[in-house]
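# Residue-level structural notes
Read off the chains here:
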Amino acid sequence: MTTNKMWGGRFARGPAGIMEQINVSIDFDRRLYAQDIAASKVHARMLASRGIIAQSDAEAINNGLDQIKAEIEHGTFTFSRALEDIHMNVEARLRELIGDAAGRLHTARSRNDQVATDFRLWIRDEIDSLDAGLKAFQRALVAKAATHAATVMPGFTHLQTAQPVTFGHHLLAYVEMAGRDRARFAGARRTVNESSLGSAALAGTSFPIDREQTARELGFAGAMRNSLDGVSSRDFALEFLSACAIMATHLSRLAEEIVLWSSPAFRFIRLSDAFSTGSSIMPQKRNPDAAELVRAKCARITGDLVTLLGVMKGLPLAYAKDMQEDKQAVFDAADSSALSLAAMTGMIEDLQADEAAMRSAAGDGFSTATDIADWIVRVLKKPFREAHHLTGQIVAIAEERNCRLEDLSLGELQSVEPGITADIQSVLTLDASVASRTSFGGTAPENVKKQVHYWQEQLK
């Protein structure tokens, strides 16, 4: 077995077959080809500008890299597992195209800083793409919230009916979550937006390179200040994965609600055929498979985060081959995040609310009990704890009669508290209850409309 010509100068024999299998990464890191080529072009241009390589060599390198990029994008490039990774595959093909000049490209850099730079560029692109997806998701939620600013539904705690809210208010909660997701990705983008290029293997280089030039041309905010950190840090990937995992958790919570809401037990919403599937044996079934898969992908994305945390936790400085295991987790999380986000956006746009079913459910479970307690405090000047106790007695009467609170007679109410007047009926309706929640951030339809307007302006 021959050695790898790209790095095997001191080796008399090639690696064992199983070594080649475990060492190879081209099967997945080929996804970095565009970033690898872009960084190599900038590196070559800098080397020429500093007089480290000839301008003619830099031009040949640039033209050769352009051809390689075209070959990859047209599907005519042959990837070799014997060459291990995307970097060596590109360099080997470059040598075939332009000869010895290709060997000058790797001057003043290492695969260590090369892969870190490529990876940062790739994650930066993914952050920009996911941010655009989150913005589209927010817009879909806001549009649906505008339609249902006054649609009454039950609000839950412990999955038990608590107080009536509006469907628009409920949807806007996820707009807020997505806004924080975008802020987390923006923070991750600031972390990733530093250039590792020029850190070389770990100690920097003796060549008179201009790291600020390459950083600037690649769109980075600047060059990393420590070469050891430049090649060995992966916190930028962890931060990206963390943002993906938190976003996925938010999407999973909404997916769970869609699964519940679309079930016959709730009947709050209906998904069209575009986002439902049938059963192979039960013809009546409409399964919310897209929502269920979004829910499951959350676990997968969280697992990717835990994987990379585990890879990095015991590594001494600087680079170690363990870090080759960083990319598959990140690639998987990015793919799953983008797919989950697109699916959830589609479901929000697609779903139709059953307003009658929502209103009916909102009236169950004595959801206006808190309104009675608040009325007793406000009108009869009772301490809230006493009002809470009195309201509990009123609820017990309604439970015994198997009726709703608004169906109790004035006499039944006064049997608990003689000071209650007929005016209390004004707070017992669902519409009155939600309309009364006018505190900032509350569910009152007028509040919801204001928040819809706010987000419409933010998302322009």
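Refer to the structure above for everything that follows.
The notes below deal with the structure included here. (Residues numbered from 1 in each chain as written. Predicted model: local features only at pLDDT ≥ 70, side-chain atom pairs only at ≥ 80, totals over all residues. Heavy atoms only, no water.)

## Here we look at the overall build of the chain
When its secondary structure is counted, the chain shows 18 helices and four strands. Taking 2.2 N^0.38 as the reference for a compact globule, 460 residues should give roughly 23 Å; the C-alpha atoms of the chain span a radius of gyration of 31 Å, well beyond that estimate. In terms of overall dimensions, the chain has a C-alpha envelope of 100 × 50 × 40 Å along the principal axes. Within the chain, buried positions represent 49% of all 460 residues. (Helix = DSSP H or I, 4+ residues; strand = E, 2+ residues; numbered from the N terminus. Rg over C-alpha atoms; globule rule 2.2 N^0.38 Å. Buried < 20%, exposed > 50% of the residue type's maximum accessible area, 1.4 Å probe, protein only.)

## Let's talk about the packing of helix H7 (residues 167-192) against helix H18 (residues 445-458)
Contact geometry of H7 with H18 gives a least axis separation of 10 Å together with a crossing angle of 35°. You can see that H7 and H18 cross each other, and the crossing is left-handed. From H7, Gly-168, His-169, Leu-172, Val-175 and Glu-176 reach across to H18, where they touch Val-448, Gln-451, Val-452 and Trp-455. A per-class count over the contact of H7 with H18 returns five nonpolar, three polar and one charged. (Axes fitted to C-alpha atoms, helices over the stretch in contact; angles between N-to-C directions. Left-handed = near helix turned anticlockwise from the far one by under 90°. Contact = heavy atoms within 4.5 Å. Nonpolar A, V, L, I, M, F, W, Y, C, P; charged D, E, K, R; others polar.)

## Remarks on the packing of aromatic side chains
As enumerated under the stated definition, the model contains nine aromatic pairs in all. Here Phe-185 and Phe-240 contribute two aromatic rings whose centre-to-centre distance is 6.1 Å and whose plane-to-plane angle is 55°, an arrangement assigned as tilted. Taken together, the residues Phe-185 in helix H7 and Phe-240 in helix H10 (residues 235-261) connect sequence positions 55 residues apart. An aromatic cluster is built from Phe-119, Trp-122, Phe-236 and Phe-331, whose rings are joined through pairwise contacts. Taking NZ or CZ as reference, Arg-30 lies 4.2 Å from the ring centre of Phe-79, over its face. One cation-aromatic arrangement involves Lys-327 over Phe-119; the distance from NZ or CZ to the ring centre is 5.4 Å. (Phe/Tyr/Trp six-rings, centres within 6.5 Å; stacked < 30°, edge-to-face > 60°. Lys NZ or Arg CZ within 6 Å of the ring centre and 35° of its normal.)

## Section: the packing of helix H3 (residues 33-49) against helix H4 (residues 55-74)
Their axes nearest at 9 Å, the elements H3 and H4 cross at an angle of 170°. Comparing their axes, H4 and H3 come out roughly antiparallel. Residues Tyr-33, Ala-34, Ile-37, Ser-40, Lys-41, Ala-44, Arg-45 and Ala-48 of H3 form the contact with H4, whose participating residues are Gln-55, Ala-58, Ile-61, Asn-62, Leu-65, Asp-66, Ile-68, Lys-69, Ile-72 and Glu-73. Broken down by class, the residue content of the contact of H3 with H4 amounts to 10 nonpolar, three polar and five charged. (Parallel < 35°, antiparallel > 145°, perpendicular 65-115°, else oblique.)

## Things to note about the pattern of salt bridges
What the rule picks out here adds up to 28 salt bridges. Between Arg-45 and Glu-217 there is a salt bridge, with its nearest N and O atoms 2.7 Å apart. One end of the pair, Arg-45, is in helix H3; the other, Glu-217, is in helix H8 (residues 211-217), and 172 residues separate them in sequence. (Salt bridge = Lys/Arg side-chain N within 4 Å of Asp/Glu carboxyl O.)

## Brief notes about H18
Between its first and last C-alpha atoms H18 spans 20 Å; for 14 residues at 1.5 Å apiece the expected length is 20 Å, and the two agree. Taken residue by residue, H18 has Pro-445, Asn-447, Val-448, Val-452 and Trp-455 as its buried positions. In an axial view of H18, the angular spread of the buried residues amounts to 150°, which keeps them on one side of the axis. Check the buried side of H18 and you find it contacts helix H6 (111-147), strand S2 (160-166), H7 and helix H17 (430-436). (Expected span 1.5 Å × (residues − 1). Arc of directions from axis to C-beta.)

## A closer look at a nonpolar patch on the surface
Nonpolar side chains collect at one region of the surface, where Ile-18, Met-19 and Ile-22 lie side by side and expose about 350 Å² of accessible area between them. Relative to the helices and strands, Met-19 is located in helix H1 (residues 17-23). Owing to a relative accessible area of 39%, Met-19 belongs among the partly exposed residues under this scheme. (Patch = residues over 30% accessible without salt bridge, like charges linked within 9 Å, V, L, I, M, F, W, Y side chains within 5 Å. Areas by Shrake-Rupley, 256 points an atom, 1.4 Å probe, with all protein chains shown as cover.)

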